[in-house]
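Now for the letters of each chain:
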Amino acid sequence: MSGNLQVGYGNYNTATASGALDTTLVEDKVGLRVAFNYANGDGYIHNIAPNQPDANSTDSIAGRAILLVKPSDRLTITLKGTYGRSNPTQAAVYNLGTGVDGFNPVLGTGRKEKGLGFFEVDSERLGHSYVRTMGSELTVRYELSDSLAFTSLTSYDHARQKFTQEGTGLTSPVFEQPLDTLYGNRFKMFNQELRLTYTGDSTNLQVGAYYGYDKDSSNSYYWLLDGAAMIHQLYDQIRKSSAIFAQADQKFGDHLGMTVGLRYTWDRSSYKNYASYVTPASNYTGDRDTNSFPYDTGSYIHGSYDPATGGFTSGPTIPLRSSALTGRAAVNYTFDDGQLLYASYSRGYRSAAYCGQCFFAPIDTTKPEKVDAFELGAKGRFLDNALTLSLSAFLMKYRNSQINETNGPQTLLVNVDKSKVKGVELETTLTPISTVRITLNGSIIDATYQKANLLFGSVAGNVVPYAPKFQASGRIDWEVVKLANGAINFTPSFVHSGKAYFTPYNTDNGNGNLRQDAYTKVNAQLSYDTDAYSLRFWVNNLFNKKTFADGLDLRASFGYDYLVAAPPRQYGVSFKVNF
């Protein structure tokens, strides 16, 4: 039997625990591994609203168990079960109004008027982000011979989420409930894959088939501008996916290798059991009350009221079909001293999809997304293995990329005709002496739309959101001194990101605030490590950099840019014991 247990404590009153246990139930036949993770802490965005919790809290617990059974030398059965639950307070909204100094003309106030700091919010009815997941996975592998094996992979997952949110981040003197939402979803997912593999001295082959089923049952509510618009939306979205695939890996002598793989996928989807309606303003209560949406009083946008059942009649089922041939081809050459050169091409595909949040607009569907990806690269070790280098150049050409676009309170799913991402990536590790290892990674990326007409005009030539031109990260693993049965280790690190936009419009159409300029964040940890235990002190975002992680245009409907702050400085201590 072996395992480990770790406990920790950090600022914002955050307690953590994790552990794992491995044991043999029947010698050489049955083994079991169980593991868990726990975290609970206050929010790192201070909420000045009376009697309200802080935003961006931590509240999660997860566990998994893996049972390995080997009835014979040729048969291996692996069963895995997982459970997870989280219920943190919602991410805080940084409300940057369209008026002077960020004043919000719709809400009649602003962050400056409230005296809010960067890591503060003023949210009454602060929501929570509840998620519960349960899953199981069964893998059965049977070796038909020394070179031929059959594998079956079966999984079933169920998830439930309920996200409640106060969407302005400001208590308004004009509106009591300007923007509240509740997103409720239940997910069911089943996957089955059958695979036959052949492993030879220079040839590896695999062929297989796949079937997948997933269902999203959505039940969402919107409370807008004190009852001016109170919307209830429901739908079921079902997708059935089937595929066949094959791949061959061939070595030609000691240096040259090739891979060729093909996959054909069929996707069949349906959008059914749906309705959306506006409930009368007379039902407004000022609370996040789902009883304010009776079916019989609604003005229906999709579907209709069914007096026979007291429920609703769905709009007509919307079917969606798509399919694609995808694949990969690669070649590599390995030199006598271990250096590697490679080149690859792959075709990727994402199935056609529905605009799930189209509660006002027609329920649009998108075209399938396709990408052609090319990559050239080299990897190797140099200076008596003291230096490791990996360098690659890539080009990805997208057609019909599926992106989200905001239109008032709705988020629409639309296609972008053409976009292109090209760049280079470098990963390097240097060990100048046995006690110091330096790791440095970097990328230069040019990601742009080539042909793209959206609701508010063309974005051709604009930078793809969340794709900074330059990114870099690095760390130093330094064994400072050996002490007793262990060593004191110091590990400083940094992350740098260039400017990133949060919208495909970049700075066009008044979107200049929906971006994050270039920044660098520094992290560090100091630890004492032995084979039996470790004591670690850590800090993230050491210099407390103030940055945004996301943004959304809500100016036309609610008078502000919706921004989300990235975490402030966080620090703590943890202790881990191995047994």
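Our subject is the structure that appears above.
In short, a report on the structure. Predicted model only: the values in this text are computed from it and were never measured.

## Remarks on the side chain of Thr14
Of note, Thr14 is situated in strand β2 (residues 14–26). The exposure class assigned to Thr14 is buried, which follows from its relative accessible area of 16%. Looking at Thr14, its side chain comes within polar contact range of the main-chain oxygen of Asn11, at 3.1 Å. Discounting residues that sit within four places of it in the chain, Thr14 has contacts with Gly8, Tyr9, Asn40 and Gly41.

## Observations regarding the state of the cysteines
Tallying each qualifying case throughout the model produces one disulfide. At a sulfur-sulfur separation of 2.0 Å, the disulfide partner of Cys355 is Cys358. The chirality of the disulfide connecting Cys355 with Cys358 is right-handed, given an S-S dihedral of about 90 degrees.

## Side note on the pattern of salt bridges
For the structure shown, the criterion picks out 18 salt bridges. With a shortest N-O distance of 2.5 Å, Arg347 and Asp372 are connected by a salt bridge. Placement of the pair is Arg347 in strand β21 (residues 340–350) and Asp372 in strand β22 (residues 369–382), with a sequence separation of 25 residues. Accessibility expressed as a relative area gives 18% for Asp372, which makes it buried. In this structure, the salt-bridge partner of Lys482 is Glu479, at a minimum N-O distance of 3.3 Å.

## What about the sheet that holds strand β34 (residues 548–554)?
With antiparallel pairing, three strands are arranged side by side in an open sheet as β7-β35-β34. Two strands in the sheet have a free side with no partner beyond their single neighbour: β7 (94–97) and β34. This sheet shows a mean twist of 25 degrees between the axes of neighbouring strands, independent of strand direction. As judged from the four bridges shared by β7 and strand β35 (residues 560–565), these two strands associate in the antiparallel manner. Bridge pairing links Leu96 to Asp561 in β35.

## Side note on the pairing of strand β20 (residues 318–334)
Relative to β20, strand β16 (residues 256–279) is paired through 16 bridges, and the arrangement is antiparallel. Opposite Val260, over in β20, you have Ala329 as the bridge partner. Relative to β21, β20 is paired through eight bridges, and the arrangement is antiparallel. By the bridge assignment, Val331 is partnered in β21 with Ala343. Hairpin connection, β20 to β21: the antiparallel pair is bridged by five residues, and Gly338 has positive phi, about 100 degrees.

## Let's talk about unusual backbone geometry
Of note in the backbone geometry, Tyr12 takes a positive phi value of approximately 60 degrees without being a glycine. Within the secondary structure, Tyr12 is located in the loop between β1 (2–10) and β2. On the basis of relative accessibility, which here comes to 28%, the residue Tyr12 falls in the partly exposed class. Of note in the backbone geometry, Asp384 takes a positive phi value of approximately 55 degrees without being a glycine. When you line up the elements, Asp384 lands in the loop between β22 and β23 (387–407).

## Here we look at a positive patch on the surface
Residues Arg160, Lys162, Arg186 and Lys188 make up a contiguous surface patch of positive charge. Residue assignment for the positive patch shows that the elements contributing at least two residues are β12 (148–166) and β13 (179–199). By the element assignment, Lys162 lies in strand β12. With a relative accessible area of 39%, Lys162 lands in the partly exposed category.

## As for the nonpolar core
Judged by nonpolar contacts, the single largest core of 19 residues is most densely connected at Ile403, Val416, Ala447, Tyr449, Leu454 and Val459. Where this core is concerned, the elements lending two or more residues are β23, β24 (410–433) and β25 (436–451). A per-element tally of this core places β24 first, with five residues. Judged by nonpolar contacts, the second largest core, of 14 residues, contains Ala92, Tyr94, Phe119 and Leu514.

## Thoughts on the environment of Tyr295
Considering the arrangement of structural elements, one finds Tyr295 in the loop between β16 and β17 (299–302). What makes Tyr295 partly exposed here is its relative accessible area of 25%. Separated by 104 residues in the primary sequence, Tyr295 and Asn191 place their C-alpha atoms 36 Å from one another. What Tyr295 contacts, discounting residues up to four positions off in sequence, is His232, Leu234, Tyr277, Tyr300, Tyr305, Gly310, Gly311 and Phe312.

Rules of the game
Residues numbered from 1 in each chain as written. Predicted model: local features only at pLDDT ≥ 70, side-chain atom pairs only at ≥ 80, totals over all residues. Heavy atoms only, no water. Helix = DSSP H or I, 4+ residues; strand = E, 2+ residues; numbered from the N terminus. Buried < 20%, exposed > 50% of the residue type's maximum accessible area, 1.4 Å probe, protein only. Polar contact = N/O pair within 3.5 Å; in protein donor to acceptor, adjacent residues only side chain to side chain. Contact = heavy atoms within 4.5 Å. Disulfide = S-S within 2.5 Å. Salt bridge = Lys/Arg side-chain N within 4 Å of Asp/Glu carboxyl O. Pairing = 2+ DSSP bridges. Axes fitted to C-alpha atoms, helices over the stretch in contact; angles between N-to-C directions. Patch = residues over 30% accessible without salt bridge, like charges linked within 9 Å, V, L, I, M, F, W, Y side chains within 5 Å. Areas by Shrake-Rupley, 256 points an atom, 1.4 Å probe, with all protein chains shown as cover. Lys, Arg positive; Asp, Glu negative; His and termini not counted. Charge placed at Lys NZ, Arg CZ, Asp CG, Glu CD. Core = buried A, V, L, I, M, F, W, Y, C linked by side-chain atoms within 4.5 Å.

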